[in-house]
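# Descriptive structure summary
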Amino acid sequence: MNFIKALQWRYACKKMNGNAIPQEKLDNILEAVRLSPSSFGLMPFSVIVVTDQATKDKLLPVCYNQSQVSSASAILVFAPWKEVTPAHIAEFIQEIVEARGVSAESLEVYAQMIAGKVNGSTPEAIFQWSAKQAYIALGFAMAAAAIEEVDATPMEGFNPAGVNEVLGLEAKGLSAACLLPLGYRDEANDFLANAPKVRRSKEKLFINM
């Protein structure tokens, strides 16, 4: 399936059938997340991969009983960092050193740029910035899932505090921003499974200048 056809095929699945995703497909989706672009390359978020059924069932009530949460094969929880610390920056710089074979000294200006962004922002602004980076990765996850013919449902309709509590995210300095249940559509019970996709026309969407 080519990319455009995959995007035409995908939709926000409302009912999943509980079938498991092959590990190879899940790994490919996760690798797409890992390879997604991010400001500075820092990726100031974590992605919790929930496959345990008992945990999915605990998440169900704090996700307003949306059935995809319990019937998905896996749930990706995109959780931005609540703060970006000097240790985060130092760890990232060291990763560049090891991956590219350059000296830490040659990256001092780059490290200062990142620190300047962090130090010049409020905690709320940092979290919003981190969340934007997580949403870029979310988009890559959905595109990769479509290529793999795995259904996905991006979800903001949940109680963040409840999800944080179930997954113990506060202690990790994280807070859930978006969930992505992954699985397979239940065509017999999902009213959107065979519905035509509705999007704004090219003429209305794009402005040529």
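Calculation rules
Residues numbered from 1 in each chain as written. Predicted model: local features only at pLDDT ≥ 70, side-chain atom pairs only at ≥ 80, totals over all residues. Heavy atoms only, no water. Helix = DSSP H or I, 4+ residues; strand = E, 2+ residues; numbered from the N terminus. Buried < 20%, exposed > 50% of the residue type's maximum accessible area, 1.4 Å probe, protein only. Salt bridge = Lys/Arg side-chain N within 4 Å of Asp/Glu carboxyl O. Contact = heavy atoms within 4.5 Å. Polar contact = N/O pair within 3.5 Å; in protein donor to acceptor, adjacent residues only side chain to side chain.

Turning our eyes to something else, we now look at unusual backbone geometry. If you check the backbone angles, F40 has positive phi at about 65 degrees while not being a glycine. Structurally, F40 is set in the loop between α2 (23–34) and β1 (45–50). Owing to a relative accessible area of 23%, F40 belongs among the partly exposed residues under this scheme. The phi dihedral of Y64 is positive, around 60 degrees, even though this residue is not glycine. One can find Y64 in the loop between α3 (53–62) and α4 (68–71).

What follows is about the pattern of salt bridges. Under the criterion given, the structure shown has 4 salt bridges. With a closest N to O distance of 2.7 Å, R34 and E31 form a salt bridge. With R34 and E31 both in helix α2 and 3 residues apart, this pair spans about one turn of that helix. Exposure remark for R34: the relative accessible area of 52% places this residue in the exposed category. Where E170 meets K82, a salt bridge forms, and the shortest distance between an N and an O atom there is 2.8 Å. Residue E170 is found in the loop between α8 (160–167) and β4 (178–183), and its partner K82 is found in the loop between β2 (74–80) and α5 (86–100); the two are separated by 88 residues along the sequence. Given a relative accessible area of 43%, E170 falls into the partly exposed group. Judged by its relative accessible area of 35%, K82 falls in the partly exposed class.

As a further point, take the environment of E148. Mapping E148 onto the fold places it in the loop between α7 (123–147) and β3 (151–152). Considering only alpha carbons, one finds E148 and A74, 74 residues apart in sequence, at a separation of 14 Å. Those residues in contact with E148, other than ones at most four positions away along the chain, are K25, N28 and I29. Within the structure, the side chain of E148 is placed 2.9 Å from the side chain of N28, a separation counted as a polar contact.

Interpretation note: all reported values are geometric properties and have no functional meaning in isolation.
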